[in-house]
Amino acid sequence: MPLPQGRAGGYGEVVVRRDDLGTLWAVTDGAFSGLRAWVDGEGWRHISDVGRAVAYRHTREAALLLAHQVAELEAACYQAEVAAAGPDTDSSGTVS
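Nothing here was measured: the structure is a model prediction, and the numbers come from that model. (Residues numbered from 1 in each chain as written. Predicted model: local features only at pLDDT ≥ 70, side-chain atom pairs only at ≥ 80, totals over all residues. Heavy atoms only, no water.)

Draft legend 1. Structural view of the overall build of the protein. Regarding its fold elements, the protein presents three helices and four strands. Written out in order from the N terminus, the α and β elements of the protein read β-β-β-β-α-α-α. Every one of the 96 residues in the protein was classed for burial, and the buried ones make up 33%. Long-range pairs, those at least 24 residues apart, make up 45% of the contacts in the protein with a sequence separation of at least 6. Roughly 6,000 Å² of accessible area belongs to the protein as shown, and the carbon and sulfur atoms make up 53% of that amount. (Helix = DSSP H or I, 4+ residues; strand = E, 2+ residues; numbered from the N terminus. Buried < 20%, exposed > 50% of the residue type's maximum accessible area, 1.4 Å probe, protein only. Contact = heavy atoms within 4.5 Å. Areas by Shrake-Rupley, 256 points an atom, 1.4 Å probe, with all protein chains shown as cover.)

Below you can see the structure in the form of structure tokens.
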């Protein structure tokens, strides 16, 4: 799912992925390499650092709900960064 785009624009991705057994799910950043999963209380962590058991721990329904929450949080953080950059900076970071 793409991140919600407000005034800040930009593009990011939050992806719900199923484990190899097809029973548990992870909320990931959509990367093809260096894949990160959302870990409660910690944010984005590389799966290679936390392990598959920590990353793939959700039911499908819980992962989908969490993915929507993470997407909203990521969009809000990005919008705050753009706002902090100043009023003369557009969504791409270009000063006008």
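From this point, the narrative continues.
Draft legend 2. Structural detail: the environment of alanine 31. Relative to the assigned elements, alanine 31 resides in the loop between strand 2 (25-28) and strand 3 (36-39). Sequence spacing of alanine 31 and glutamate 13 is 18 residues, and the spatial spacing of their C-alpha atoms is 8.6 Å.

Draft legend 3. Geometry of helix 3 (residues 60-84). Taking 1.5 Å of rise per residue, 25 residues should cover 36 Å, and helix 3 covers 36 Å from first to last C-alpha, within 8% of that figure. Buried within helix 3 we find Ala63, Leu66, Ala67, Val70, Ala71, Ala75 and Val82. Next to the buried residues of helix 3 lie strand 1 (15-18), strand 2, strand 3 and strand 4 (43-46). Glycine 86 sits one or two residues past helix 3 and shows a positive phi near 115°. (Expected span 1.5 Å × (residues − 1).)

Draft legend 4. Molecular detail of the pairing of strand 1. Of the pairings in the sheet, the one linking strand 1 to strand 2 comprises four bridges and is antiparallel in character. Within the sheet, the bridge partner assigned to valine 15 lies in strand 2 and is threonine 28. Turn length for the strand 1-strand 2 hairpin, with the two strands adjacent in sequence and antiparallel, is six residues, and the turn residue glycine 22 shows positive phi of about 80°. (Pairing = 2+ DSSP bridges.)

Draft legend 5. Fine view of the nonpolar core. Counting residues in hydrophobic clusters, the biggest one holds 10 residues: Val14, Trp25, Val27, Trp38, Trp44, Ala63, Leu66, Ala67, Val70 and Ala71. Mapped by element, the contributors of at least two residues to this core are strand 2 and helix 3. Examining the composition of this core, we find that five residues originate from one element, helix 3, more than from any other. Leave out the neighbours within four places in its chain, and valine 70 touches Val14, Trp38 and Trp44. (Core = buried A, V, L, I, M, F, W, Y, C linked by side-chain atoms within 4.5 Å.)

Draft legend 6. Representation of the pattern of salt bridges within the structure. For the structure shown, the criterion picks out four salt bridges. In this structure, arginine 36 engages aspartate 29 in a salt bridge whose closest nitrogen and oxygen atoms are separated by 2.7 Å. In this structure, aspartate 40 and arginine 57 form a salt bridge, with 3.3 Å as the shortest nitrogen-oxygen distance. Of this pair, aspartate 40 sits in the loop between strand 3 and strand 4 while arginine 57 is found in the loop between helix 2 (52-55) and helix 3, placing the two residues 17 residues apart along the sequence. A relative accessible area of 49% means that arginine 57 is categorised as partly exposed. (Salt bridge = Lys/Arg side-chain N within 4 Å of Asp/Glu carboxyl O.)

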